[in-house]
Amino acid sequence: MNLKKKLKKSRDALSRKLVLVFGHGVDEDTLEAAEEVLLTADLGWELTELVLDRFRDEYKLNGDAAWKPVLVSVLQGLVPEHAPWKPDAEPAVTLVVGVNGAGKTTTIARLAQRIAAGGETVLMGCADTYRAAASEQLALWGERLGIPVYTSVEGTDPGAVTFDSVKRAIAEKFNHVIIDTAGRLPTQKGLMDELSKVYRVAGKAMQGAPHRVILVLDGTVGQNALAQARQFTEFIPVTDLVVTKLDGTAKGGSVFAMARELSLPIRYIGVGEGADDLVVFNGKEFVEAIVGGDD
Ligand SMILES: Nc1nc2c(ncn2[C@@H]2O[C@H](COP(=O)(O)OP(=O)(O)OP(=O)(O)O)[C@@H](O)[C@H]2O)c(=O)[nH]1
Ligand SMILES: [Mg+2]
């Protein structure tokens, strides 16, 4: 996959604009213009200042060096690295949460596809029981990908579906079970309490479950996703992040801020609607794709 191409909008907003700005040389005026570029690409105020401070220092040390490799290395140094997730239970229970339309269901299907491709078995459970269309959507993905799906009738308690999905995964010896939940805003107290209940019920179905709670963030909302993530973590112990829809936005810079400020690993990014458009997030590659190399 050509990540540069997939992230073209963000690349245009960062790399291309910076080339124009620093084409006039690196000095206090162009650094100020660069600040504007970084803010517009949604790195956020704090990170923008940090990037520019470090860039100034390193660039000076490097004398007449080209600015781009220096900036790439500064940005790469700011994205923390995390050890890959290794499940320590079977089935490994993953709960997927997030606001409405963030890309939860699509992410689950694509994650399940990855797991199946790696030779492990996976069950997808649909605890989004508000809409019949939600289980139909997951069932459709299941059919397309050849992955079993556990659904229940509309209106069933989401906790009950979670419980049954985990029990079925145990009984049928699946390696993984991934539970889809309905979209909700962190301001909807009742729905957030329901999510806490789903979390607890998973633990009743299997001790230690869920082993992973993935918060799916919509990359097109940029910096606002940070606030959303902080609010979600107040209700439920989120362990991992996925950022979707980065193909459709120029706000890819916010991913740096999420990676740095949320102290949670971004595991995957969504860069399209297709089954193969969920990419393992690698900070160094991400920086390279939206800032590095030639335009
Ligand atoms: N372009 C693009 N579209 C995406 C990406 N991920 C998801 N989508 C689209 O976003 C829309 C919503 O995705 P869903 O997976 O249904 O989102 P959801 O969070 O499950 O939504 P609710 O269950 O309604 O809360 C769909 O049209 C997806 O195809 C992505 O990485 N890029
Ligand atoms: Mg959904």
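Just so it is clear, the model here is predicted, and its values are computed rather than measured.

## A few points about the overall build of the chain
Helix and strand counts for the chain stand at 12 helices and eight strands. Its C-alpha atoms give the chain a radius of gyration of 21 Å, within 12% of the compact-globule value 19 Å for 295 residues. Overall size of the chain, expressed as C-alpha extent along the three principal axes, is 65 × 40 × 35 Å. By residue count, 47% of the 295 residues in the chain fall in the buried class.

## Here we look at the site of ligand 1
Taken together, the neighbourhood of ligand 1 is formed by 20 residues, with Gly103, Thr105, Thr106, Gly183 and Gly270 sitting nearest. In terms of residue count, the dominant contributor to the shell around ligand 1 is helix H6 (residues 104-117) (three residues).

## Concerning the sheet that holds strand E1 (residues 92-97)
With respect to topology, eight strands assemble into an open sheet ordered E3-E2-E4-E1-E5-E6-E7-E8, the strand pairing being mixed. Sheet topology places strand E3 (149-150) and strand E8 (278-280) at the edges, where each strand pairs with a single neighbour. By the bridge criterion, five bridges tie E1 to strand E4 (residues 176-181) in an arrangement that is parallel. Bridging from a neighbouring strand, alanine 92 pairs with histidine 176 of E4. Across the sheet, helix H10 (residues 224-235) touches E1, strand E5 (212-218) and strand E6 (240-244), and the angle it forms with E5 is around 155°.

## Comments concerning the pairing of E6
With respect to burial, E6 is a largely interior element, four of its five residues being buried. Here E5 pairs with E6 via five bridges, running parallel. When the bridges of E6 are listed, valine 216 appears paired with valine 242. By the bridge criterion, three bridges tie E6 to strand E7 (residues 266-270) in an arrangement that is parallel. Looking at E7, one finds that valine 243 is bridged to isoleucine 269. Following the chain from E6 across helix H11 (residues 254-261) to the adjacent parallel E7, one finds a crossover that is right-handed.

## Description of the pairing of E4
With six of six residues buried, E4 is to be regarded as a mostly interior element. Because side chains alternate across E4, one face comprises the buried residues His176, Ile178 and Asp180, and the other comprises Val177, Ile179 and Thr181, equally buried. As paired strands, strand E2 (residues 122-127) and E4 are joined by six bridges and run parallel to one another. Each residue of the ladder has a partner; that of methionine 124, found in E4, is isoleucine 178.

## A few points about the environment of aspartate 276
Within the secondary structure, aspartate 276 sits in the loop between E7 and E8. For aspartate 276, a count of 11 C-beta atoms within 10 Å translates into the label exposed. Along the sequence, aspartate 276 and methionine 1 sit 275 residues apart, while their C-alpha atoms lie 9.1 Å from each other.

## Regarding helix H9 (residues 189-205)
Between its first and last C-alpha, H9 extends 24 Å over 17 residues, near the 24 Å set by a 1.5 Å rise per residue. Among the residues making up H9, those that are buried are Leu195, Val198, Tyr199, Val201, Ala202 and Ala205. Summarising the axial view, the buried residues of H9 lie within an arc of 165°, below the 170-degree limit, and thus occupy one face. Residues Lys189, Gly190, Asp193, Ser196 and Lys204 are exposed on H9 and point more than 90 degrees away from its buried face. Those residues of H9 that are buried are in contact with E1, E2, helix H8 (158-171), E4 and H10.

## Brief notes about the packing of helix H4 (residues 45-61) against helix H5 (residues 67-78)
Look at H4 against H5: their axes get within 9 Å of each other, and the N-to-C directions meet at 130°. Looking at the two axes, H4 sits oblique to H5. By crossing handedness, the relation of H4 to H5 is classed as right-handed. When H4 is examined against H5, the residues Leu50, Val51, Arg54, Phe55, Glu58 and Tyr59 are found in contact with a partner set consisting of Trp67, Val70, Leu71, Val74, Leu75 and Leu78. Looking at the contact of H4 with H5, its residues break down into 10 nonpolar, no polar and two charged.

## Here's the deal with the packing of helix H2 (residues 8-22) against helix H3 (residues 28-40)
Interaxial distance between H2 and H3 falls to 10 Å at its minimum, and their mutual angle equals 170°. On the basis of their axis angle, the class for H2 and H3 is roughly antiparallel. Counting all contacts with H2, which are made through Ala13, Leu14, Lys17, Leu18, Val21 and Phe22, the residues of H3 involved are Thr30, Ala33, Ala34, Val37 and Thr40.

## Focus: H10
The end-to-end C-alpha separation of H10 is 18 Å, in line with the 16 Å expected for 12 residues at 1.5 Å each. Looking only at H10, the buried set comprises Ala225, Gln228, Ala229 and Phe232. Axial view of H10: buried residues confined to an arc of 100°, hence all on one face. Those residues of H10 that are exposed and aimed more than 90 degrees away from the buried face are Ala227 and Glu234. Tucked into the core, H10 has its buried residues touching E1, E5, E6 and H11.

Reading the values: the criteria
- Residues numbered from 1 in each chain as written.
- Chains lettered and ligands numbered in written order.
- Predicted model: local features only at pLDDT ≥ 70, side-chain atom pairs only at ≥ 80, totals over all residues.
- Helix = DSSP H or I, 4+ residues; strand = E, 2+ residues; numbered from the N terminus.
- Rg over C-alpha atoms; globule rule 2.2 N^0.38 Å.
- Buried ≥ 20, exposed ≤ 12 C-beta atoms within 10 Å, placed from the backbone.
- Near = placed C-beta within 6 Å.
- Pairing = 2+ DSSP bridges.
- Contact = placed C-beta atoms within 7 Å.
- Axes fitted to C-alpha atoms, helices over the stretch in contact; angles between N-to-C directions.
- Right-handed = clockwise from strand over helix to strand, strands pointing away.
- Expected span 1.5 Å × (residues − 1).
- Arc of directions from axis to C-beta.
- Parallel < 35°, antiparallel > 145°, perpendicular 65-115°, else oblique.
- Left-handed = near helix turned anticlockwise from the far one by under 90°.
- Nonpolar A, V, L, I, M, F, W, Y, C, P; charged D, E, K, R; others polar.

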